[in-house]
Amino acid sequence: MAVRVETADVPNGSTNAAPVPGNSHGRHTALTLFSPIRKRWTPVLRVAMWFGKWTPVAQNHILQFNFIHFVRWAVVRKLPYNGPPQERDVLNYPYLFFESNFDGPWRQYIDAFAYCIPGDIRFVWGRGIAFPGPPPAEPLKRWIAENSMEGGTFYSAYPEASTRAVLSALAVRDGLRKLVANADGLDADAFKARYEQFLTEVQVHL
Amino acid sequence: MGESRNRFGTAYALTVFTPILPGQTDEVRSIIEAVPRGEAGPFARLEQVHFTRLQIFDQLVYQGAPQKPDRLKSAYLVFTASFDGALDPFLDALCERIPAEADSWWSHCVGYPGTADRAAFKRYIQHNKVHTSLFGVAYPTASVADVRESLALRERVLDFAVAAQGLDAAALQERFRQTFAETR
């Protein structure tokens, strides 16, 4: 389960690091961690995640970085049992399954987390065992390298589109639809004024 | 909370852990690592899928004392998908559009019934599903089609803006109507 390619001595955000098979598609990267949690911390984590799901402030906080497309956490207390010939696995700890789909190499992603929201990182993972609470980011990167699940395959439906590009494109689409809806019945000069207003509103997204 | 745990906006997060049959882990690894990506791959035939990943864990990382090591008796195939809509139609799409591929990796898992028995397949996925505790999406109400269409539309708007520079009001309005007539 340990990372097979990137090493801790690669400079932050270096493009020299070879892409990890199964971890990247186009400009998108998938990071998956599956790490033990201290039993007594699990109820706290569950409550925190409930607030994360149902309170808008917490949701905005989770998605404050504009390079994350999708992110999920799951607290796993037991592994599925399907009967023989499987032997039942009984875990000593609950585990936290984390998967994030984001733009660019994961070292930049971890830098952003380690330096911008170290408190959040320590809260979620800091009750895990042998977790190196950030900052600095390098011990955290080593910890992630040891805990990251590698290999397999990863697919993105729009592998060359960054999160920012997607959000911008959706904003342009919404603005254009509004312009089209309001354009009916306008004379040419009034339309031109509306069009120029539209361009002003969306130019940051073009 | 039920199924709401797995949703955010119109998106659904599916996480499935299935135990691999004894001695077949390497074969499953070879199969999933050979799955083509991009338009040639099976997941491109599932138009509701934003992201998906298949991987294996056959051991859990031991991080040193005071951790008591967890040693697995089985390897597990992990399937994650972020897609539009509800789980049931997604599982129908899996059975209809990529049955051979789905069977190629899950047939090496304990108790797998195959996609041919759709009801049993759905029960199997439900049984092995791990509920999401927290799910975040940057564009929670945008479908894959929305994203792709918007990206293409943005390029068209940009091209139009460049081409329309200097047009008088009447010509601008006419060209706009011709270019974006279908946009509502």
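Cut-offs applied
Residues numbered from 1 in each chain as written. Chains lettered and ligands numbered in written order. Predicted model: local features only at pLDDT ≥ 70, side-chain atom pairs only at ≥ 80, totals over all residues. Helix = DSSP H or I, 4+ residues; strand = E, 2+ residues; numbered from the N terminus. Buried ≥ 20, exposed ≤ 12 C-beta atoms within 10 Å, placed from the backbone. Contact = placed C-beta atoms within 7 Å. Rg over C-alpha atoms; globule rule 2.2 N^0.38 Å. Domains from an automatic or database assignment. Nonpolar A, V, L, I, M, F, W, Y, C, P; charged D, E, K, R; others polar. Pairing = 2+ DSSP bridges. Axes fitted to C-alpha atoms, helices over the stretch in contact; angles between N-to-C directions. Core = buried A, V, L, I, M, F, W, Y, C linked by C-beta atoms within 7 Å. pLDDT = per-residue confidence, 0-100. Parallel < 35°, antiparallel > 145°, perpendicular 65-115°, else oblique. Left-handed = near helix turned anticlockwise from the far one by under 90°.

Draft legend 1. Broad picture of the overall build of chain A. Each helix and strand counted, chain A has 7 helices and 5 strands in total. Starting at the N terminus and walking to the C terminus, you meet the elements of chain A as β-β-α-α-β-β-α-α-α-β-α-α. Evaluated residue by residue, chain A yields a buried proportion of 38% over its 206 residues. Long-range contacts, defined as pairs at least 24 residues apart, comprise 71% of the intrachain contacts of chain A with a sequence gap of at least 6.

Draft legend 2. Structural context of the overall build of chain B. Scanning chain B from N- to C-terminus turns up 6 helices and 5 strands. Along chain B, helices and strands appear, N-terminal first, in the series β-β-α-β-β-α-α-α-β-α-α. Since a compact globule built from 184 residues should have a radius of gyration of about 16 Å, the 22 Å found for chain B marks it as more spread out than a globular shape. Considering only C-alpha atoms, chain B reaches an extent of 75 × 45 × 35 Å along its principal axes. Buried residues in chain B amount to 41% of all 184 residues. For chain B, contacts bridging at least 24 residues in sequence account for 70% of all contacts bridging at least 6.

Draft legend 3. Examining the domain arrangement of chain B more closely. Splitting chain B by domain gives domain 1 (2-128) and domain 2 (144-180). Computed over C-alpha atoms only, the centres of domain 1 of chain B and domain 2 of chain B are separated by 41 Å.

Draft legend 4. Geometry of the interface of chain B and chain A. The interface is formed by 72 residues belonging to chain B together with 72 residues belonging to chain A. Counting only elements with at least two residues in the side of chain B that touches chain A, the list comes to strand 2 (11-19), helix 1 (25-33), strand 3 (49-57), strand 4 (76-84), helix 4 (118-128), strand 5 (134-137), helix 5 (144-163) and helix 6 (169-180) of chain B. The leading source of residues in the side of chain B that touches chain A is helix 5 of chain B, at 11 residues. A per-class count over the side of chain B that touches chain A returns 38 nonpolar, 23 polar and 11 charged.

Draft legend 5. Broad picture of the sheet that holds strand 4 (residues 95-103) of chain A. What the 5 strands build is an open sheet, ordered 1(A)-2(A)-4(A)-3(A)-5(B); its pairing is antiparallel. Each end of this open sheet is capped by a strand with a single partner; those strands are strand 1 (24-25) of chain A together with strand 5 of chain B. Running at roughly 145 degrees to strand 3 (residues 68-76) of chain A, helix 1 (residues 42-54) of chain A makes contact with strand 3 of chain A together with strand 5 of chain B of the sheet.

Draft legend 6. Inspection of the nonpolar core at higher detail. Counting residues in each nonpolar core, the largest one holds 95 residues, and the members touching the most others are Tyr76, Leu77 and Trp105 of chain B. When sequence neighbours within four positions are dropped, the list of residues in contact with leucine 77 of chain B reads Thr18, Ile20, Val28, Leu54, Ile56, Trp105 and Cys109 of chain B.

Draft legend 7. Structural context of the pairing of strand 4 of chain B. Residue and element names in this part refer to chain B. With respect to burial, strand 4 is a largely interior element, 9 of its 9 residues being buried. Neither face of strand 4 is open: one carries Tyr76, Val78, Thr80, Ser82 and Asp84, the other Leu77, Phe79, Ala81 and Phe83, and all of them are buried. Bridge count for strand 2 against strand 4 is 9 bridges, and the pairing is antiparallel. The partner of phenylalanine 17 across the bridge, within strand 4, is valine 78. Of the pairings in the sheet, the one linking strand 3 to strand 4 comprises 8 bridges and is antiparallel in character. Residue pairing for strand 4: valine 49 is matched across the bridge by phenylalanine 83.

Draft legend 8. Inspection of the sheet that holds strand 2 of chain B at higher detail. The strand order across the open sheet formed by 5 strands is 5(A)-3(B)-4(B)-2(B)-1(B), and the pairing between neighbours is antiparallel. Two strands lie at the open edges of the sheet, namely strand 5 (153-156) of chain A together with strand 1 (7-8) of chain B, each paired on one side alone. Relative to strand 2 of chain B, strand 1 of chain B is paired through 2 bridges, and the arrangement is antiparallel. Note on strand 2 of chain B: the bridge partner recorded for phenylalanine 8 of chain B is alanine 11 of chain B.

Draft legend 9. Geometry of the confidence of the model for chain B. Mean pLDDT over chain B works out to 94, with 99% of the residues at or above the 70 mark. Reported confidences for the modelled complex are a pTM of 0.89 and an ipTM of 0.94.

Draft legend 10. Seen up close, the packing of helix 3 (residues 106-116) of chain A against helix 5 (residues 137-147) of chain A. Residue and element names in this part refer to chain A. The N-to-C vectors of helix 3 and helix 5 enclose an angle of 130 degrees; their axes lie 9 Å apart at closest approach. The pairing of helix 3 with helix 5 is recorded here as oblique in orientation. Where helix 3 crosses over helix 5, the two elements pack in a sense that is right-handed. Mapping the contact onto sequence places Arg107, Ile110, Asp111, Ala114 and Tyr115 in helix 3 and Ala137, Leu140, Lys141 and Ile144 in helix 5. Split into classes, the residues belonging to the contact of helix 3 with helix 5 amount to 6 nonpolar, no polar and 3 charged.

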